[in-house]
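Structural characterization, general
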Amino acid sequence: MYKLIFIDLDGTLLNDAKEISEENIKWLNRAYKEKGIITIITTGRELGLVKNLYKKYNCSFGDYVIASDGAIIKNIKTEEYINKEILNIDEVKKLREIYLNENLDFIMIYGEDNEYMERKELTNKVQKEQIYIDNIIELLEKNKDIEATLCIMGGKKEDLNKAIKEVKKINNLDNTPICEYIRKGNGVDIREYYFDIMKKGVNKKNAVKKVMDTFGAKHDEIIVIGDGGNDLPMFEYAKLKIAMENGSDSLKQKADYITDTNNNDGVAKAIKKFVFEE
């Protein structure tokens, strides 16, 4: 009997239009109401985005969220934290220096509720998710209530490789490998490369373990569903490892099952098959 389902957001629960389908909501809600199985959205994105999705889609499959790659683990109903790891302003200053020295395209920090981006070329302000600012250090100094849970740097691959070498010189920080992101710009696919920086020990794998311990859940009571390489560490704790058809090859190679794509209700189909055996 399964107790917990950990689901990635982008490319998994969300379709390419950044929406959650009615089928996905229906079957996750049913899993909770009929089987008592709690779903935990497990994402690199900020907590505020997930809270807005819960309200918009009337999600009733559980109240715990893993956000900012595990820097934040919170019950969004009771406001209780299981984990909260913050980048201090000195660390962010060092990261911004790297961004400037390596001539990267952007640096972004996640607060608990919003994303704040400082970008080299202002003409690239095309994404609606971020709040664009001139200087992230000035932002943090003037707004003491904004705490950086995650930092992201983006640019050319060769420049990012140089930046990663400099980040590794900063004590108590970890980073992900370089990732690729495809966004729409004037109807054309634009590829951007980036990597995440967080406090040492912050990752989805450790976050999943902390939630498992909170609920007293065992390995054989866990389902994990994801699409990207950063979801791979979560697979270590799961009895059932599910990858999306649109997922990375590295993840699909480790999966027990490959479900349909994020645009074709892949999450719902996996829940129907393994939770309800339909």
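See the structure above.
The paragraphs below set out a description of the structure included in this document.

As a further point, take the overall build of the protein. Of the regular secondary structure elements, the protein holds nine helices and 15 strands. Against the compact-globule benchmark of 19 Å for 278 residues, the protein has a radius of gyration of 18 Å, which places it among compact chains. With the principal axes as the frame, the protein shows a C-alpha extent of 55 × 40 × 35 Å. Taking all 278 residues of the protein together, the buried fraction comes to 54%. Split by element, the accessible area of the protein, about 13,200 Å² in all, is 44% carbon and sulfur. Of the side chains in the protein, 45 bear a positive and 50 a negative charge, and the two mean positions are spaced by 1 Å.

This paragraph deals with the packing of helix α2 (residues 22-35) against helix α9 (residues 266-274). Closest axis-to-axis distance for the α2/α9 pair is 7 Å, and the angle between their directions is 30°. In this structure, α2 meets α9 at a crossing whose hand is left-handed. Between α2 and α9, the contacting residues are Glu23, Asn24, Trp27, Leu28 and Ala31 on the first element and Gly266, Val267, Ala268, Ile271 and Lys272 on the second. Its residues placed into classes, the contact of α2 with α9 shows six nonpolar, two polar and two charged.

Take the pairing of strand β4 (residues 72-75) next. For a regular strand, the rule is simple: side chains alternate between the two faces of the sheet. By the alternation rule, side chains of β4 split into Ile72 and Lys74 and Ile73 and Asn75, which are all buried. As judged from the four bridges shared by strand β3 (residues 64-67) and β4, these two strands associate in the antiparallel manner. Bridge pairing links Ala67 to Ile72 in β4. From the end of β3 to the start of β4, which pair antiparallel, there are four residues, and Ser68 there has a positive phi angle of about 50°. Two elements, β4 and strand β5 (residues 81-84), share three bridges in a ladder whose sense is antiparallel. For Ile73, the partnering residue across the bridge sits in β5 and is Asn83.

The first and last C-alpha atoms of helix α7 (residues 204-215) sit 17 Å apart over 12 residues, in line with the 16 Å expected at 1.5 Å per residue. Of all the positions in α7, only Lys204, Ala207, Val208, Val211 and Met212 are classed as buried. Mapping the buried residues of α7 onto a view down its axis gives an arc of 140°, with all of them on the same face. The elements touched by buried residues of α7 are β1 (4-7), β2 (38-42), β3, β4, β5 and β13 (222-226). Sitting at the head of α7, Asn203 places a side-chain oxygen 3.1 Å from the backbone nitrogen of Lys205.

Note on aromatic pairs: each is described by the distance of the centres and the angle between the planes. Summed over the entire model, instances satisfying the criterion amount to four aromatic pairs. Centre to centre, the rings of Tyr54 and Phe61 are 5.4 Å apart; their planes meet at 65°, and the pair counts as edge-to-face. Between the aromatic rings of Tyr257 and Phe274, the centroid separation amounts to 5.0 Å while the plane-to-plane angle is 75°, which identifies the pairing as edge-to-face. Placement of Tyr257 in strand β15 (residues 257-259) and of Phe274 in helix α9 is noted, with a sequence separation of 17 residues between them. A residue is classified by how much of its surface remains accessible, and Tyr257, at 28% relative accessible area, is partly exposed. Cation over ring: Arg30 sits above Phe276, and NZ or CZ is 4.6 Å from the ring centre. Directly above the aromatic system of Phe274 lies the positively charged group of Lys273, at a separation of 5.6 Å from the ring centroid.

Before going further, it helps to examine the pattern of salt bridges. This structure, assessed with the given rule, holds 21 salt bridges. Of the charged contacts in the structure, one is a salt bridge between Glu115 and Arg45, with a shortest N-O distance of 3.0 Å. Of the two residues, Glu115 sits in strand β7 (residues 115-119) while Arg45 sits in the loop between β2 and α3 (47-57), which places them 70 residues apart along the sequence. Across the pair, exposure class does not vary: Glu115 and Arg45 are buried alike. Through salt bridges with shared partners, a single ionic network connects Asp10, Lys18, Arg45 and Glu115.

Further remarks concern the environment of Asn15. Considering the arrangement of structural elements, one finds Asn15 in the loop between α1 (9-13) and α2. Its relative accessible area of 16% is what places Asn15 among the buried residues.

Right, let's talk about helix α6 (residues 157-167) for a bit. Taken residue by residue, α6 has Asp159, Leu160, Ala163, Ile164 and Val167 as its buried positions. Projected down its long axis, α6 carries its buried residues within an arc of 145°, all on one side. Lining the buried residues of α6 we find α4 (89-101), β9 (150-155), β10 (173-175) and β12 (188-199).

Reading the values: rules and limits
- Residues numbered from 1 in each chain as written.
- Predicted model: local features only at pLDDT ≥ 70, side-chain atom pairs only at ≥ 80, totals over all residues.
- Heavy atoms only, no water.
- Helix = DSSP H or I, 4+ residues; strand = E, 2+ residues; numbered from the N terminus.
- Rg over C-alpha atoms; globule rule 2.2 N^0.38 Å.
- Buried < 20%, exposed > 50% of the residue type's maximum accessible area, 1.4 Å probe, protein only.
- Areas by Shrake-Rupley, 256 points an atom, 1.4 Å probe, with all protein chains shown as cover.
- Lys, Arg positive; Asp, Glu negative; His and termini not counted.
- Charge placed at Lys NZ, Arg CZ, Asp CG, Glu CD.
- Axes fitted to C-alpha atoms, helices over the stretch in contact; angles between N-to-C directions.
- Left-handed = near helix turned anticlockwise from the far one by under 90°.
- Contact = heavy atoms within 4.5 Å.
- Nonpolar A, V, L, I, M, F, W, Y, C, P; charged D, E, K, R; others polar.
- Pairing = 2+ DSSP bridges.
- Expected span 1.5 Å × (residues − 1).
- Arc of directions from axis to C-beta.
- Polar contact = N/O pair within 3.5 Å; in protein donor to acceptor, adjacent residues only side chain to side chain.
- Phe/Tyr/Trp six-rings, centres within 6.5 Å; stacked < 30°, edge-to-face > 60°.
- Lys NZ or Arg CZ within 6 Å of the ring centre and 35° of its normal.
- Salt bridge = Lys/Arg side-chain N within 4 Å of Asp/Glu carboxyl O.

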